[in-house]
Each structure stands twice: as structure tokens, then as C-alpha cells.
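If you want the building blocks of each chain, they are given just below.
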Amino acid sequence: MSGLTAVGAEELASLEFFADIPVAALAVLAANLRPLQAVPGEVLMRQGEQALSFAIIASGRVEIRHVGPDGHVFVAELPPGLIVGEIALLRHARRTATVIANDDVRGYLGYQSAFECMLAIPDIAERMVRTARQRLAAFITPIPVRAKDGTELFLRPVLPGDAERVGRGRVEFSPETLYRRFFSGGAPTAAQLTYLCEVDYVDHFVWVVTDGVDGPVVADARFVRDKDNPGSAEIALTVADAYQGRGIGTLLLGALAAAARVGGIKRFHALGLSDNVAVRALGDRFQARWQCEEPGVVTTTMEVPALDDLPIKLDAVRQIHHVARLVIDAFQYRHICRYGPLRRADSVQLRRPRRRIISAPRPVVASKPARNLASRL
Ligand SMILES: CC(C)(COP(=O)(O)OP(=O)(O)OC[C@H]1O[C@@H](n2cnc3c(N)ncnc32)[C@H](O)[C@@H]1OP(=O)(O)O)[C@@H](O)C(=O)NCCC(=O)NCCS
């Protein structure tokens with residue numbers, strides 16, 4: 001499936017995966033790659049095999065097929081410009097998915113030496129691990145959970161495609177719900193949705209609840225680790241109007257706590273409107289401490305509870321913790337650290353989140369009831 005001619009650094013620089021990387025930084029990698037060609041239907045990599053190589057797809061689409069331990073099959077088609085086969089090399093593990101050419105595919109094939117050259121390119125290790133985490137998250141079978149009224153819903157880590165699933169169909173996030181979440185009216189813009197859904201799962205972790213395995217997103221909860229204090233993170237939750245008051249917020253905050261424990265986060269903090277009784281009741285279940293920030297606004301801080309103390313059934317906690325581990329703890333940091341900028345989760349230096357997206361701008365004018373309540377805090 002491969003040819004013999006040399007690979008040019010300029011060719012690599014034109015690919016989406018290497019966007020913003022100078023041609024000169026790609027020269028050593030190019031020298032370690034060889035051209036790859038495959039015909040439609042050709043299997044490039046097979047799930048379960050020992051991984052020796054990775055491929056960069058320059059043109060043509062490939063299909064990714066992953067069969068989970070429970071038989072759940074995940075299939076996705078990747079456009080050209082991306083890398084495949086990197087997960088197993090990053091984890092020193094067997095292939096997690098089968099890759100099949102859907103078109104005439106042209107690209108580049110690399111082995112361990114090329115992989116190490118790639119990890120040595122500034123930004124590439126971080127970019128690659130982020131993409132690999134998003135792919136691993138896509139392979140996860142959603143966890144079935146029950147709302148208080150018995151409705152079956154599904155919990156899973158957010159996926160990049162969720163930006164389109166938010167508010168799909170008849171699921172409503174009313175202006176009031178959005179105001180309580182973002183402190184401003186109106187739905188998030190497309191760019192904000194990308195930020196909210198395309199996360200790295202280590203510094204920014206998001207759970208979503210869907211109605212049906214492939215159904216619309218009806219709730220989300222996230223933590224964004226503090227840049228100057230990696231043991232602490234800001235949290236935010238949103239539950240669609242028709243789903244509120246059915247225990248989903250409690251489940252999500254518990255699930256966030258389980259993920260935070262995996263990621264080495266010990267404290268949560270959040271901002272809320274002081275007249276938001278639901279968030280106050282939710283925080284109280286987690287022994288939150290409240291403080292009046294300014295009229296109409298409260299801040300809350302809480303210690304991340306131990307898994308045994310979460311107000312969720314223990315078997316669900318175990319499943320949630322396991323899934324969080326799969327995406328957060330999936331890669332051997334020490335290996336990546338030799339080459340890339342990532343460090344262990346508990347010592348990562350993080351970029352400050354764009355606060356207005358997780359916390360949203362402060363309300364300029366607090367309502368009269370909010371001011372009254374705030375004065376009693
Ligand atoms: C805050 C929010 C996430 C809570 O989610 P939820 O699924 O409704 O919460 P739950 O059903 O798990 O209920 C949690 C607690 O809040 C209470 N509660 C929920 N809705 C309530 C309401 N409208 N009024 C009073 N209490 C309410 C519940 O009774 C429960 O308390 P309990 O444990 O003492 O019984 C949800 O209401 C929401 O998305 N609000 C808009 C966005 C927002 O405010 N986000 C938080 C700021 S980041």
C-alpha cells in the first residue's frame with residue numbers, strides 16, 4: 001500500500017493537521033515518512049493489532065470502526081488532512097479501531113522514529129493528544145441513567161459533534177435558563193459552542209446527558225481547571241427546561257466530581273445568580289459554601305466529595321469513574337512529556353478559560369428580588 005518516493009516538508013505543511021507549523025519544523029519528520037497509497041476497501045489498520053505505524057491522510061476519506069467490549073459498534077468517516085493510528089502509539093497499546101480506505105487514499109506512513117519526530121514538534125504533541133482523547137471519547141458507550149421520574153437518559157463525555165446536537169428537536173433552553181447559565185440572554189454563538197464542545201478532557205471536562213443514545217443533548221456540566229491553581233476548577237451546569245427538577249443536575253454534579261477526582265481536582269467553585277434557588281439547592285446537597293460576590297451574584301466553593309459520598313448509586317458512580325478514567329487517564333504522560341508540553345494532570349499549567357463563556361459576564365442590573373436575597377446572604 002505504499003510507494004517509494006520521498007516526502008516533502010511543504011506537502012506536510014499544507015495539511016490541516018500541521019496548520020501553523022513552519023515548513024522548517026517539518027523537515028525531520030518528512031525525512032522519516034514514506035508515501036502511502038490505498039484503494040477503496042483496503043484495510044490500513046485493524047483493531048486489536050499491535051501498533052507499529054501511524055498514517056497521515058492527505059487525500060481521500062477513511063472509515064474508522066471501533067467495536068466496544070459490549071459489542072457496541074462506532075463508525076465514523078474522517079476527512080483528509082488528519083492523522084490516524086496515533087492512539088495506540090501514544091498508549092503503547094493495541095489498535096483501538098480498524099481504519100479502512102473509503103476512497104483512493106493518498107498520504108504518508110510513519111513508524112516509531114517518525115512518531116517521535118512528530119511529538120518533538122512544538123504544539124503537535126498537545127494537538128495529537130487532544131484529538132486522540134476526543135476520538136477515545138467517541139468510542140465510549142453512553143451510560144444509561146434514570147431521571148427521578150424513571151425516564152431513561154444517557155450520560156457520556158461531550159463530543160465535538162455535540163455543538164449541532166444542542167437544542168436539536170424540541171429540547172428547549174429558555175432565555176431564562178440561558179440567562180441563569182451565561183448571565184446574558186440569547187443562545188451561545190457557533191464559536192462559543194465549539195469552545196464548549198471541543199474540549200481536552202483534562203483541563204476542560206464536559207459530561208452531557210442525551211435523550212436516547214443518539215438523541216439530543218438535554219443537559220451538560222463542565223469543569224475548567226484554574227490556570228494558577230490546578231487543584232481547583234470552575235464548574236457550570238445547564239439542564240434543558242423540560243428536564244429540570246428531575247435529578248439530572250444532581251447526577252451531573254456527582255459525575256463532575258468523579259471526573260475531577262480522576263483529574264486531580266480537589267475544589268470546585270462557581271458563580272450563580274443569588275435568586276437561583278435550584279442551583280442553591282443543588283449546591284447544598286454537596287455541602288457548598290456560599291458567598292455574596294456583589295449584589296445579585298453569589299460564588300460558591302465546595303470540596304470535591306469522595307466517590308462514596310456522592311448522591312448517586314454506587315454502581316453508577318463506578319461506571320462514571322471508569323469512563324472518566326478512559327478519557328482523562330488514557331495516555332502515558334511520562335512518555336508524552338519527554339517530547340511534548342503535557343504534564344501530569346495534577347501539575348498541568350493551564351490556559352485561563354475565557355471566563356465569560358463558562359461564567360458569563362456579570363449581570364449589569366440585578367433584579368429586585370435578587371437584590372433582596374443578596375442582602376440576606
Ligand atoms: C441549576 C440546574 C442545573 C439544576 O438542575 P436540575 O436537574 O433541575 O437539578 P435537580 O433536579 O437535580 O435538583 C437539585 C436540587 O434543586 C432543587 N430544585 C430543582 N429545581 C428547582 C426549582 N425550580 N426550585 C426550587 N428548587 C429546585 C431540587 O429539589 C433539588 O433539591 P433537593 O436535592 O433538596 O431535592 C438547572 O435548574 C438549570 O440548568 N438551571 C439553569 C442554568 C443554571 O442555573 N445553571 C447554574 C449556574 S452555572
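This one's a predicted model, so the numbers in the text were calculated from it and none came from an experiment. (Residues numbered from 1 in each chain as written. Predicted model: local features only at pLDDT ≥ 70, side-chain atom pairs only at ≥ 80, totals over all residues. Heavy atoms only, no water.)

Undergrad: Requested: an account of the packing of helix 9 (residues 248–262) against helix 11 (residues 314–328), with residues and values cited.
TA: Any two packed helices are characterised by the angle at which their axes cross and by the distance between the axes. At their nearest, the axes of helix 9 and helix 11 sit 9 Å apart, and the two run at 45 degrees to each other. The angle between the axes of helix 9 and helix 11 places the two elements in the oblique class. Considering how the two elements wind past one another, helix 9 and helix 11 form a crossing that is right-handed. Residues Leu 251, Ala 255, Ala 258, Ala 259 and Val 262 of helix 9 touch helix 11, and the partners they reach there are Ile 320, His 321, Ala 324, Arg 325 and Ile 328. Of the residues assigned to the contact of helix 9 with helix 11, the class counts are 8 nonpolar, 1 polar and 1 charged. (Axes fitted to C-alpha atoms, helices over the stretch in contact; angles between N-to-C directions. Helix = DSSP H or I, 4+ residues; strand = E, 2+ residues; numbered from the N terminus. Parallel < 35°, antiparallel > 145°, perpendicular 65-115°, else oblique. Left-handed = near helix turned anticlockwise from the far one by under 90°. Contact = heavy atoms within 4.5 Å. Nonpolar A, V, L, I, M, F, W, Y, C, P; charged D, E, K, R; others polar.)

Undergrad: Give a detailed account of the pairing of strand 8 (residues 105–110), specifying residues and quantitative values.
TA: Among the 6 residues that make up strand 8, 5 are buried, leaving the element largely enclosed by the rest of the structure. Bridge analysis of strand 1 (residues 34–38) against strand 8 gives 5 bridges, and the strand direction is antiparallel. Bridged to Pro 35 within strand 8 is Tyr 108. Pairing of strand 3 (residues 54–59) with strand 8, which is carried by 5 bridges, proceeds in the antiparallel orientation. Counted as the bridge partner of Phe 54 is Gly 110 from strand 8. (Buried < 20%, exposed > 50% of the residue type's maximum accessible area, 1.4 Å probe, protein only. Pairing = 2+ DSSP bridges.)

Undergrad: So, the site of the ligand: which residues are in play, and what are the values?
TA: Every one of the 21 residues lining the ligand counts as a neighbour, but Val 239, Gly 247, Thr 250, Asn 276 and Arg 285 are closest to it. Ile 248 is positioned such that a nitrogen or oxygen atom in its backbone is 3.5 Å from an oxygen atom of the ligand. Notes on the ligand: free accessible area 920 Å², of which the protein chains cover 76%. Listed by contribution, the elements that provide at least two residues to the shell around the ligand are helix 7 (175–182), strand 13 (232–239), helix 9 and helix 10 (277–285). With 6 residues, the single largest contributor to the shell around the ligand is helix 10. Its residues assigned to classes, the shell around the ligand comprises 9 nonpolar, 8 polar and 4 charged. (Near = heavy atom within 4 Å. Polar contact = N/O pair within 3.5 Å; in protein donor to acceptor, adjacent residues only side chain to side chain. Areas by Shrake-Rupley, 256 points an atom, 1.4 Å probe, with all protein chains shown as cover.)

Undergrad: Hey, could you go over helix 7 for me, with residue numbers and the actual values?
TA: Within the span of helix 7, buried status applies to Thr 177, Leu 178, Arg 181 and Phe 182. Down the axis of helix 7, the smallest arc covering the buried residues is 110 degrees, so these residues share one side. Turned more than 90 degrees away from the buried face of helix 7 sit Pro 175 and Glu 176, all of them exposed. Just past helix 7, the residue Phe 183 takes up positive phi, approximately 60 degrees. (Arc of directions from axis to C-beta.)

Undergrad: How would you sum up the sheet that holds strand 8? Please name residues and give values.
TA: A sheet is described by the order of its strands in space; here 4 strands give the open sequence 1-8-3-6, paired in antiparallel fashion. For this open sheet the edge positions go to strand 1 and strand 6 (83–84), each flanked by a neighbour on one side alone. Relative to strand 6, strand 3 runs antiparallel, the two being bridged by 2 bridges. Pairing of Ala 55 across the sheet is with Val 84, part of strand 6. Taken strand by strand, helix 4 (residues 112–119) contacts strand 3, strand 6 and strand 8, and its axis lies near 70 degrees from that of strand 3.

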